[in-house]
Amino acid sequence: RLLWGIVGDLFGFRCAMLCLCGSQAFLFLTLPHCIDASMYGVWLCGIMFCVGGNYSLFPLACASYFGEVNVGSNYGFLFFAQSVSMLLGPTISGEVLARYSPDILCYIVCAFTFLAAL
């Protein structure tokens, strides 16, 4: 989180979020091609590094869009909105895995991450 916060402060949250989403999309795109357990572990650490970056960049985005005075209440709503994806994500992922291969799930997540970067 610290590194993403520094990048967000230096270059703005838009640039940092673009780098974060691009990195995460790349990691999900290449995850099915990991050749051994150690490479798989490094890729998962990279994905979690990007997930943690969201928690440092979202307050910057809230402050930029809604002003520093309203950051607390708006970040609370933004943080609460993530709970919807935390509830629906495993359910949808389970359905995709039941019908398709894990590679397809990685490609779907990659596509949505790439769309978020746009």
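Refer to the structure above for everything that follows.
Here the structure is a predicted model, which is why all the values come from computation and not from measurement. (Residues numbered from 1 in each chain as written. Predicted model: local features only at pLDDT ≥ 70, side-chain atom pairs only at ≥ 80, totals over all residues. Heavy atoms only, no water.)

A description of the overall build of the chain should follow, citing residues and the corresponding values.
Check the secondary structure of the chain and you find five helices and zero strands. Put simply, the chain runs from its N terminus to its C terminus through helices and strands in the order α-α-α-α-α. Residue burial in the chain is summarised as follows: out of 118 residues, 30% are buried. Within the chain, counting contacts between residues at least 6 apart in sequence, those at least 24 apart form 60% of the total. (Helix = DSSP H or I, 4+ residues; strand = E, 2+ residues; numbered from the N terminus. Buried < 20%, exposed > 50% of the residue type's maximum accessible area, 1.4 Å probe, protein only. Contact = heavy atoms within 4.5 Å.)

Kindly report on the nonpolar core, identifying the contributing residues and their values.
Met 17, Leu 20, Leu 31 and Leu 57 are the most contacted members of the largest nonpolar core, which totals 20 residues. Broken down by secondary-structure element, the contributors of at least two residues to this core are helix 1 (2-11), helix 2 (13-30), helix 3 (37-66) and helix 5 (102-117). Per-element tally for this core: the top contributor is helix 2, with seven residues. What Leu 31 contacts, discounting residues up to four positions off in sequence, is Tyr 40, Trp 43, Leu 44, Ile 47 and Cys 106. (Core = buried A, V, L, I, M, F, W, Y, C linked by side-chain atoms within 4.5 Å.)

I'd love a proper account of the side chain of Thr 113, names of residues and values included.
Among the structural elements, Thr 113 can be located in helix 5. Here Thr 113 falls in the buried class, since its relative accessible area comes to 10%. In terms of polar contacts, Thr 113 uses its side chain to reach the backbone carbonyl oxygen of Val 109, at 2.8 Å. Non-local contacts of Thr 113, meaning those with residues more than four positions away in its chain, are made with Cys 21, Gln 24, Ala 25 and Phe 28. (Polar contact = N/O pair within 3.5 Å; in protein donor to acceptor, adjacent residues only side chain to side chain.)

Before we move on, can you summarise the packing of helix 2 against helix 3 with the specific residues and values?
Following both chains from N to C, one finds helix 2 and helix 3 inclined at 155°, their axes separated by 9 Å at the closest point. Accordingly, the angle class assigned to the pair helix 2 and helix 3 is roughly antiparallel. In terms of crossing hand, the pair formed by helix 2 and helix 3 is left-handed. (Axes fitted to C-alpha atoms, helices over the stretch in contact; angles between N-to-C directions. Parallel < 35°, antiparallel > 145°, perpendicular 65-115°, else oblique. Left-handed = near helix turned anticlockwise from the far one by under 90°.)

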